[in-house]
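Here is how the chains run, residue by residue.
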Amino acid sequence: IIIGNMQLGTILSVIGMLPSIIFAFIGAKYAGKHGNKEAMVTWTYVCITVAAVLVVLFIFIDPTLIATALPMIVYVLLTLVLNGAKMCVTMSSNAMMADIIDYELDRSGKFIPAAVTGTYSFIDKLVSSFSAAIATGLVALIGYRHTMPQPSDPSTPAIFWMTMSMYFGLPLIGWVCTLCAMRETPLSKEKMEEVQKSIQEKKQAEVEKVIEEMK
């Protein structure tokens with residue numbers, strides 16, 4: 001509705017998803033070099049920056065101009081980077097579960113992969129389950145009581161700001177929460193190297209103990 005061309009909007013969305021696989025390799029390489037925590041923080045900052053630029057783009061230009069050459073190129077490039085950065089954040093988040101498991105194993109001696117992955121999955125599904133309710137509630141707030149917005153509907157300020165708040169605003173809130181959480185975690189690359197070394201030393205000590213007992 002905002003762009004004024006449903007078919008073009010669908011095409012641009014598909015194009016914007018294409019580089020995700022490429023960014024997955026880039027994100028994995030960056031995480032391997034700098035650690036999952038720093039990777040998550042870095043790519044989250046990229047997401048926030050690009051999303052903010054896109055919001056400014058939509059505010060200060062006529063969105064229907066995205067169908068023209070230069071605005072379309074800018075929009076597609078920014079969308080490519082945003083989707084790629086999102087992929088990198090997701091990869092770092094999944095990889096960080098292994099760091100949490102190892103950290104807890106070193107800290108308490110408890111190996112709890114099921115608890116960590118189960119908690120992550122529960123929160124992920126909980127947030128996802130609210131998405132439809134949030135979208136429906138925001139649509140209802142702008143006057144759609146019995147139908148959803150249709151491609152033929154005119155673009156109004158209410159539709160514009162509702163779309164901006166859902167498509168960019170909610171993710172921005174989530175990314176800010178991510179940065180706040182990362183400030184509190186000690187699981188840096190250096191810390192995880194210490195954890196891995198400590199785990200190996202403990203395993204070696206256990207093996208030596210068993211050998212001594214067998215003797």
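Rules of the game
Residues numbered from 1 in each chain as written. Predicted model: local features only at pLDDT ≥ 70, side-chain atom pairs only at ≥ 80, totals over all residues. Heavy atoms only, no water. Patch = residues over 30% accessible without salt bridge, like charges linked within 9 Å, V, L, I, M, F, W, Y side chains within 5 Å. Areas by Shrake-Rupley, 256 points an atom, 1.4 Å probe, with all protein chains shown as cover. Salt bridge = Lys/Arg side-chain N within 4 Å of Asp/Glu carboxyl O. Lys, Arg positive; Asp, Glu negative; His and termini not counted. Charge placed at Lys NZ, Arg CZ, Asp CG, Glu CD. Helix = DSSP H or I, 4+ residues; strand = E, 2+ residues; numbered from the N terminus. Buried < 20%, exposed > 50% of the residue type's maximum accessible area, 1.4 Å probe, protein only. Axes fitted to C-alpha atoms, helices over the stretch in contact; angles between N-to-C directions. Parallel < 35°, antiparallel > 145°, perpendicular 65-115°, else oblique. Left-handed = near helix turned anticlockwise from the far one by under 90°. Contact = heavy atoms within 4.5 Å. Nonpolar A, V, L, I, M, F, W, Y, C, P; charged D, E, K, R; others polar.

Turning to a negative patch on the surface, a few remarks are in order. Taken together, the side chains of Glu206, Glu208, Glu212 and Glu213 define an acidic patch exposed on the protein surface. In this structure, Glu212 sits in helix H7 (residues 189-214). Judged by relative accessible area, which is 53%, Glu212 ranks as exposed.

At a minimum axis distance of 10 Å, the contact between helix H5 (residues 113-141) and helix H6 (residues 157-184) shows a crossing angle of 155°. As far as their axial angle goes, H6 and H5 are roughly antiparallel. Both H5 and H6 take part in a crossing whose hand is right-handed. Contacts from Ile134, Ala135, Leu138 and Val139 in H5 reach Met162, Ser165, Met166 and Leu170 in H6. Of the residues assigned to the contact of H5 with H6, the class counts are seven nonpolar, one polar and no charged.

Once that is clear, we can look at the environment of Pro171. With respect to the helices and strands, Pro171 occurs in helix H6. Take Pro171: its relative accessible area is 23%, and that puts it in the partly exposed class. Considered as a pair, Pro171 and Lys86 are 85 residues apart in the sequence and their alpha carbons are 10.0 Å apart.

The next thing to look at is a nonpolar patch on the surface. Residues Phe122, Ile123, Leu126, Val127, Phe130, Ile134, Leu170 and Ile173 make up a contiguous nonpolar surface patch of about 760 Å² in total accessible area. Sorting the residues of the nonpolar patch by element identifies H5 and H6 as the ones contributing at least two each. The dominant element in the nonpolar patch, judged by the number of residues it contributes, is H5, at six residues. By the secondary structure assignment, Leu126 is in helix H5. Leu126 gets classed as partly exposed once you look at its relative accessible area, which sits at 38%.

Now for the environment of Ala135. Relative to the helices and strands, Ala135 resides in helix H5. Using a relative accessible area of 23% as the deciding quantity, one classes Ala135 as partly exposed. Linking Ala135 and Thr163, residues 28 residues apart in sequence, is a C-alpha distance of 9.4 Å.

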